[in-house]
Number of protein chains: 2
Amino acid sequence: MSADPRPRTSTRLQVEQAVRTALLTGRFIPGKAVTLRGLAKDLGVSPMPVREVIQRLAAENALEIRLNGRVQVPEMTAPRFSEILKARLLLEPELAEMALPKLGKTEASRLKELDDALDASLGSGDTEGYMFLNHAFHFEIYKAARSQILLPLTESLWLQFAPYMRTVYGRVGTSSLVDWHKEAIKAVHDRDAGALRGAIAADITEGMGMLGRRGLEAINP
Amino acid sequence: MSADPRPRTSTRLQVEQAVRTALLTGRFIPGKAVTLRGLAKDLGVSPMPVREVIQRLAAENALEIRLNGRVQVPEMTAPRFSEILKARLLLEPELAEMALPKLGKTEASRLKELDDALDASLGSGDTEGYMFLNHAFHFEIYKAARSQILLPLTESLWLQFAPYMRTVYGRVGTSSLVDWHKEAIKAVHDRDAGALRGAIAADITEGMGMLGRRGLEAINP
DNA sequence: CTTCGTAGTTTGTGATCACAAAATTTTCAA
DNA sequence: TTGAAAATTTTGTGATCACAAACTACGAAG
């Protein structure tokens, strides 16, 4: 009576998890080439599971397979950036509102924890940790929505702007960052859907606005 | 001076195109198993490119890789369906509005052609042709937006509901179908963004509403 | 010093193989 | 006839190989 069919494999999932968090924390630089054998060697696996993972992430537009077959982290462009902003503003407040009824005390205190840790990594200048925790904070909310559609779409968006986000942080630092997490947490406590939507939207607008102002000045139009 | 680097491969792209249109025209039935070697044999290629394509489509949630590794077309559920509807209503009117400025006389007449062919296939009961043309009509508009973000997200949504759409049509026929294509074409002629958004939204609501009423009655909740 | 061609290396692609897990069919006893 | 156990087939996974295209480095000619 083993009603727990363990995944038949673990290698591909492990590789995928590794590459995803590397992307989300900005360890992959936009424009940088990603080679099959190189990644495989780094992760200590054969090229085979890496091939599948690369196809997966390319399908999510998190990686780009050029016409000549070379794989690279996509570069950010101004139209791409503004479209990501638009899509985030469409999807994420909706996701947050869907999640609100399922966010109880447990999740609220978890959000508080994450936000505290986030402030700490901001103070210590730990960019990678900050990006990881910021993603964790947002998706701690979104995941509660138990969404099978909007959540994957949003995850795809994050994979697309995260590498660029990191390059900007690397240039201007993270000290000037402001977020609306406190307001979001308060909205969760108050069960105020409108306030939660507003906090999420403001967080997106502010964060992406900073990225746009500080980052896109010297990028091809 | 060969400024036209032909894709290094054609096999994977060809396989992907084949599977995508098969999905979009409903030739794959929800719940039906998709086997690697089976698909490869059907398409006359080796299992290798099929593996990559399956990973790609699984990443877009167009195919489902179960815990035991088996691949199948996802089954529709009520929450999944209502979320797809919500996501379509968020993304597609936006996409249409973005496209409007770039829809000239050429595109308008192409839309008219597609809609006429669509009516014809409706009259002859050609469900597969209808689904192909309906997809072509919508994406003739959306593609004009030259969107790099919203367009792939929307394509993913279509891949997810198309197979289910087909099973409902197979049960209740396509004769009772009504669409808002004429209104959309008129809005394009009039350069009326609000009317175009409205037509697209109505087309989605009506079409999906029919799918929901006629299809989800006997499906697990 | 620049430019162009050539040799060597790296890279993605498609194919094939071995293996284990899962599903399917067959067999045989109750 | 029925039901469970055993044998067979099917299936996904990871590894390796051969090959052609692309990139890199280097050197010779101008």
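1. A word on the confidence of the model for chain A
Predicted confidence across chain A gives a mean pLDDT of 92, with 94% of residues reaching 70 or more. Confidence drops under a pLDDT of 50 for residues 1-6 of chain A, and excluding neighbours within four residues, the segment shows 2 contacts in the predicted structure.

2. A closer look at the sheet that holds strand β2 (residues 64-65) of chain A
Read from one edge to the other, the open sheet built from 3 strands follows the order β1-β3-β2 (chain A), with strand pairing classed as antiparallel. Either end of the sheet is taken by a strand with one partner, and the two such strands are β1 (33-34) and β2 of chain A.

3. A few points about the side chain of glutamine 55 of chain B
Structurally, glutamine 55 of chain B can be placed in helix α3 (residues 47-59). Dropping the residues within four chain positions of it, glutamine 55 of chain B is found in contact with Arg12, Glu52 and Arg56 of chain A together with Ile65 of chain B.

4. Section: the environment of alanine 87 of chain A
Residue placement: alanine 87 of chain A occurs in helix α4 (residues 78-99). Alanine 87 of chain A gets classed as buried once you look at its relative accessible area, which sits at 0%. In this structure the C-alpha to C-alpha distance between alanine 87 of chain A and leucine 13 of chain A, which are 74 residues apart in sequence, comes to 27 Å. The residues contacting alanine 87 of chain A, other than those within four sequence positions of it, are Leu157 of chain A together with Ile149 and Leu150 of chain B.

5. Things to note about the packing of aromatic side chains
Here the structure, examined in full by the defined rule, presents 10 aromatic pairs over all chains. Between phenylalanine 139 of chain B and tryptophan 158 of chain B, the aromatic rings sit 5.3 Å apart at their centres with planes inclined by 80°, giving edge-to-face as the arrangement. You can see phenylalanine 139 of chain B sitting in helix α6 (residues 127-143) and its partner tryptophan 158 of chain B sitting in helix α7 (residues 150-172), a full 19 residues away along the chain. Taken as a pair, phenylalanine 139 of chain B and tryptophan 158 of chain B share a single burial class, namely buried. Between the aromatic rings of tryptophan 158 of chain B and phenylalanine 161 of chain B, the centroid separation amounts to 5.2 Å while the plane-to-plane angle is 50°, which identifies the pairing as tilted. Note that tryptophan 158 of chain B and phenylalanine 161 of chain B are positioned in helix α7 at a spacing of 3 residues, about one turn of the helix. Just as tryptophan 158 of chain B is buried, phenylalanine 161 of chain B falls in that class too. Members of the aromatic cluster, joined through ring pairs, are Phe139, Tyr142, Trp158 and Phe161 of chain A.

6. Some remarks on the pattern of salt bridges
Here the idea is simple: oppositely charged side chains can pair when their charged atoms come close. Residue and element names in this part refer to chain A. Tallied over the entire structure, the rule returns 34 salt bridges over all chains. A salt bridge links arginine 12 to glutamate 52; the nearest nitrogen and oxygen atoms lie 3.3 Å apart. Highlighted residues: arginine 12 in helix α1 (residues 11-24) and glutamate 52 in helix α3 (residues 47-59), separated in sequence by 40 residues. In this structure arginine 12 comes out as buried when scored by relative accessible area, which is 14%. Overall, the relative accessible area of 8% leaves glutamate 52 in the buried class. Notably, a salt bridge pairs glutamate 113 with arginine 110, separated by 3.5 Å at the nearest N-O pair. Note that glutamate 113 and arginine 110 are positioned in helix α5 (residues 105-123) at a spacing of 3 residues, about one turn of the helix. Its relative accessible area of 37% is what places arginine 110 among the partly exposed residues. Where salt bridges share partners, they join Glu16, Arg20, Arg56 and Glu60 into one cluster.

Cut-offs used in this document
Residues numbered from 1 in each chain as written. Chains lettered and ligands numbered in written order. Predicted model: local features only at pLDDT ≥ 70, side-chain atom pairs only at ≥ 80, totals over all residues. Heavy atoms only, no water. pLDDT = per-residue confidence, 0-100. Contact = heavy atoms within 4.5 Å. Pairing = 2+ DSSP bridges. Helix = DSSP H or I, 4+ residues; strand = E, 2+ residues; numbered from the N terminus. Buried < 20%, exposed > 50% of the residue type's maximum accessible area, 1.4 Å probe, protein only. Phe/Tyr/Trp six-rings, centres within 6.5 Å; stacked < 30°, edge-to-face > 60°. Salt bridge = Lys/Arg side-chain N within 4 Å of Asp/Glu carboxyl O.

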